[in-house]
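# A structural walkthrough
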Amino acid sequence: MSDDPLVPSVPSYDELAALVVEQAALIAQLRAALEQARARIAELEAQVAKTSRNSSKPPSSDGLAKPAPKSLRTKTGRRPGGQNGHPGSTLGMVADPDVRVAHEPGPCSGCGTSLAGRPVTRTERRQVFDLPELRPHVTEHQLLERECGCGTRTKATAPAGVGAPVQYGPRVTAAAVYLYTGQFLSKERTATALAELVGIPLSAGTVAAMTARAATDLEGFLTAVRDLLAGAEVVGADETGLRVAGKLHWVHCARTGKYTLIDCHPKRGTVGIDALGVLTGFTGVMVHDAWAAYDTYTTATHQLCVAHVLRELQAVSDAAPAGTWCWATQAADALVALHRLTVDAAATGTPVDPKTLVAHTRALRHAAHIGITQTSPRGTKLMAARHALACRLIDREADYLRFTHDPRVPADNNGCERDIRMIKLRQKVSGCLRTLTGARQFCAIRSYLSTATKHGIPLFPTLVHLAEGRPWMPATS
């Protein structure tokens, strides 16, 4: 080294070697940090890219910039709207209208002569459907008291359901419960609607009391439906979150094509599922998504929801580079083809073609194995999740494809999602429920209305029966 301060010093070999080692270590650290950042960015991009089309998020979460429709079905080539042969529904003339009003033509349009008393040559009918004036219909029950010759006075007994000097009738109660649980108005808006439309003054507290009495009268109905579901051959099960008393609760659902049972519980897992009282000891086929809690019910046979896994596969396909082959796309196409194969077979009344079934199953299996190979490093959370998806398609193949061998079993759990969607709609329209008791009452009445709808029974008459203390009961045989 030079002692002259104006001459730059030259580092020694050892100093240079130490500097190189230090920089190499720094570069290695920066590369590791960069890889972690890239992995984190990929995870965040995948999270941001989630929509109702490629995940289990509800369509309401998509916001105003909604993506393509959630359905993964392909176009059929048919025009939208009613198809040929569809009966449709529109106003039609009735043979016996309530009121007939004849309109005279006035003087002759040719010569101006009065047409009074001249013969009618043709009558053109036009009918207007409207509501009558809505007003309360008040019935006064007079309980007469008579005195016998012996001096004893005896008063008449009030009819069943008439227990107060002034009270609301069953149709008013049914209307309040219908608006609250059937159309998802809040208690306050329900009371306002009845006051404005019918002229009946109600308070929000009265609506709450009517709802509570209706739910209490459904205990026998709920027990019957619970027993019918527990003994069914195939049951769908699902759950969804609901804000109750400012906290997250869970609405659990068990259903078939004829029965619906819904209840609310603070827990999502097996504690909440067991509280519903259907799946404990269930020995039929349970249709559900891949949530692990349902797999703990080992006495049941399982059908995993194909619609859920199609959305998972869609998320993988969306992340693949454009124009490249993706294992998730092939797996999704194979599942869709298998579903179409079973639908067509059921429509024509013919068995599923075994060769086509084997070909599509092989395509699904091969795609999943390639997915396992491509994601085997599992270096990031996102890659690990996709690896788990591919492994699940192999490990649970029999549970995903049970519908191809058992015509009783649906390929998806969309029926459950439709049944519990009404709960989410209620939260969207009128906000969260204030108490767990109120939430359970709401779920009980929704179980009643959903089951009645599946049996083709109109809701309002069903609620009138409930308000009269004689709720409709499903057949037990």
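Residues numbered from 1 in each chain as written. Predicted model: local features only at pLDDT ≥ 70, side-chain atom pairs only at ≥ 80, totals over all residues. Heavy atoms only, no water.

With that settled, the discussion passes to the overall build of the chain. When you go through the chain residue by residue, the secondary structure sums to 15 helices and 7 strands. Whereas a compact globule of 477 residues would reach a radius of gyration of roughly 23 Å, the chain reaches 34 Å, over 25% beyond that. Expressed as lengths along the three principal axes of its C-alpha atoms, the size of the chain is roughly 135 × 80 × 65 Å. Split into buried and exposed, the 477 residues of the chain put 34% on the buried side. In the chain, of all internal contacts separated by at least 6 residues, the share reaching a separation of at least 24 is 59%. (Helix = DSSP H or I, 4+ residues; strand = E, 2+ residues; numbered from the N terminus. Rg over C-alpha atoms; globule rule 2.2 N^0.38 Å. Buried < 20%, exposed > 50% of the residue type's maximum accessible area, 1.4 Å probe, protein only. Contact = heavy atoms within 4.5 Å.)

We now examine the pairing of strand β4 (residues 247-255). When you tally the buried positions in β4, you get 7 out of 9 residues, the bulk of the element. Bridge analysis of strand β3 (residues 234-244) against β4 gives 9 bridges, and the strand direction is antiparallel. Looking at β4, one finds that Gly241 is bridged to Trp250. Hairpin connection of β3 to β4: 2 residues between the antiparallel strands, including Ala245 at a positive phi of 55 degrees. (Pairing = 2+ DSSP bridges.)

Moving on to the packing of helix α8 (residues 306-319) against helix α9 (residues 327-348). For the pair α8 and α9, the least separation of the axes is 8 Å and the interaxial angle reads 155 degrees. Comparing the axis directions of α8 and α9 gives the class roughly antiparallel. For the element pair α8 and α9, the recorded crossing hand is left-handed. In this structure, α8 contributes Val306, Val309, Leu310, Leu313, Val316 and Ser317 to the contact, and α9 contributes Trp327, Ala328, Thr329, Ala331, Ala332, Leu335 and Val336. (Axes fitted to C-alpha atoms, helices over the stretch in contact; angles between N-to-C directions. Parallel < 35°, antiparallel > 145°, perpendicular 65-115°, else oblique. Left-handed = near helix turned anticlockwise from the far one by under 90°.)

This part covers the packing of aromatic side chains. The tally for this structure, following the rule as stated, stands at 5 aromatic pairs. Judged by centre distance (5.9 Å) and plane angle (80 degrees), the ring pair of Tyr180 and Phe442 falls under edge-to-face. One end of the pair, Tyr180, is in helix α2 (residues 170-182); the other, Phe442, is in helix α14 (residues 436-454), with 262 residues separating them in the sequence. Centre to centre, the rings of Phe184 and Phe442 are 6.4 Å apart; their planes meet at 45 degrees, and the pair counts as tilted. With a gap of 258 residues between them, Phe184 in the loop between α2 and α3 (187-198) and Phe442 in helix α14 connect regions that are remote in the sequence. When sorted by exposure, Phe184 lands in the same class as Phe442, which is buried. Members of the aromatic cluster, each reached through a chain of ring pairs, are Tyr180, Phe184 and Phe442. A cation over an aromatic ring shows up here: Arg268 above the ring of Trp291, its NZ or CZ 4.1 Å from the ring centre. (Phe/Tyr/Trp six-rings, centres within 6.5 Å; stacked < 30°, edge-to-face > 60°. Lys NZ or Arg CZ within 6 Å of the ring centre and 35° of its normal.)

In this section: the environment of Pro107. Within the secondary structure, Pro107 sits in the loop between α1 (13-48) and β1 (145-147). On a C-alpha basis, the gap between Pro107 and Ala390 in space is 84 Å, while along the polypeptide they are 283 residues apart. Setting aside anything within four residues of it in sequence, one finds Pro107 in contact with Gly112, Thr113, Ser114 and Leu115.

Read these as layout, nothing more, since geometry by itself doesn't imply function.
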